[in-house]
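Structural overview
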Amino acid sequence: ALAQVAVWGAVWFAVRRVDRATSDEPRTALRHVVPALIGLVVSAVALAQLIAGLVQRLFDATSDAVFVPTTSLLHRGLALLVTGAVVWTLEWLRGLSHIPRSDAWRFVVVLFGITGGLVTAIASLATAGYQTAVWLVGSPQSEVARTHFEAFPEAVGGIVVGLLVWWYHRALLADRRTDVRTEIDRVYDHIMSAGRLRAAAV
């Protein structure tokens, strides 16, 4: 695994440097958008796993230190978070985020940041709320809380990370919103309207 990281990390870094030095295209091309999205998704999933692992530790109520886990959620979460954060920092924070008027910037912020974060938070909140409601007033399949709430830590991680991603990108859009509406803004409005309609129907 270390050899793979060293070789492919060096290849990625070298190609990135060559691309920056020789390309005349703006830094909003597809090859800059895709790594930014990969970094965002990997970081969000990793942070959700990390939060789920911490919540799971609270459920376990053991006397061990928090960062000496017995579950693999914390292990995977920490490893993925370091990896995803590096990519996201290089490709988004130090790159695409500085070009707010481009369609690529709006594509990442509106469709993946705001919409993706909100949908994740709502879906996770629905899962946690459903499990809690069944436990309180329904007929749970298991009367053991640990078994019934097995998916609850992942739901909490999804809620926290979804809201965090939504809040960050919503703040970016609010700070740099212009009077010119693009097709991406219209797609966002349709997605949000459909989401509200579906939530009300359910």
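Throughout what follows, the structure given in this document is the object of discussion. Model, not experiment: these values are computed from the prediction.

1. Description of the environment of A128
The topology assignment puts A128 in helix α4 (residues 103-137). For the pair A128 and V156, spaced 28 residues apart in sequence, the C-alpha to C-alpha distance is 7.2 Å. In this structure, A128 is in contact with F152, A155 and I159, ignoring residues within four places of it in sequence.

2. Details of α4
The terminal C-alpha atoms of α4 lie 48 Å apart, and with 35 residues this matches the ideal 51 Å at 1.5 Å per residue to within 8%. Its axis deflected by about 30 degrees at G116, α4 carries its strongest bend there.

3. A word on the environment of A155
Inspection of the secondary structure puts A155 in helix α6 (residues 152-176). It is 6.7 Å that separates the C-alpha atoms of A155 and L125, two residues lying 30 residues apart in sequence. Residues in contact with A155, not counting those within four places in the same chain, are S124, T127 and A128.

4. Quick notes on a nonpolar patch on the surface
Among the surface-exposed residues, V7, W8, V11 and V15 lie close enough to one another that they form a single nonpolar patch of about 400 Å² accessible area. One can find W8 in helix α1 (residues 2-22).

5. Looking at the packing of α4 against helix α7 (residues 183-201)
Where α4 contacts α7, the axes come no closer than 10 Å and their chain directions differ by 10 degrees. Between α4 and α7, the angle falls in the class roughly parallel. Where α4 approaches α7, its residues D103, R106, F107, V110, L111, I114, T115 and L118 are matched on the opposing element by I184, D185, V187, Y188, I191 and M192. Considered class by class, the residues forming the contact of α4 with α7 number ten nonpolar, one polar and three charged.

So, how was this worked out
- Residues numbered from 1 in each chain as written.
- Predicted model: local features only at pLDDT ≥ 70, side-chain atom pairs only at ≥ 80, totals over all residues.
- Heavy atoms only, no water.
- Helix = DSSP H or I, 4+ residues; strand = E, 2+ residues; numbered from the N terminus.
- Contact = heavy atoms within 4.5 Å.
- Expected span 1.5 Å × (residues − 1).
- Bend = angle between axes of the 7 residues up to and from the residue.
- Patch = residues over 30% accessible without salt bridge, like charges linked within 9 Å, V, L, I, M, F, W, Y side chains within 5 Å.
- Areas by Shrake-Rupley, 256 points an atom, 1.4 Å probe, with all protein chains shown as cover.
- Salt bridge = Lys/Arg side-chain N within 4 Å of Asp/Glu carboxyl O.
- Axes fitted to C-alpha atoms, helices over the stretch in contact; angles between N-to-C directions.
- Parallel < 35°, antiparallel > 145°, perpendicular 65-115°, else oblique.
- Nonpolar A, V, L, I, M, F, W, Y, C, P; charged D, E, K, R; others polar.

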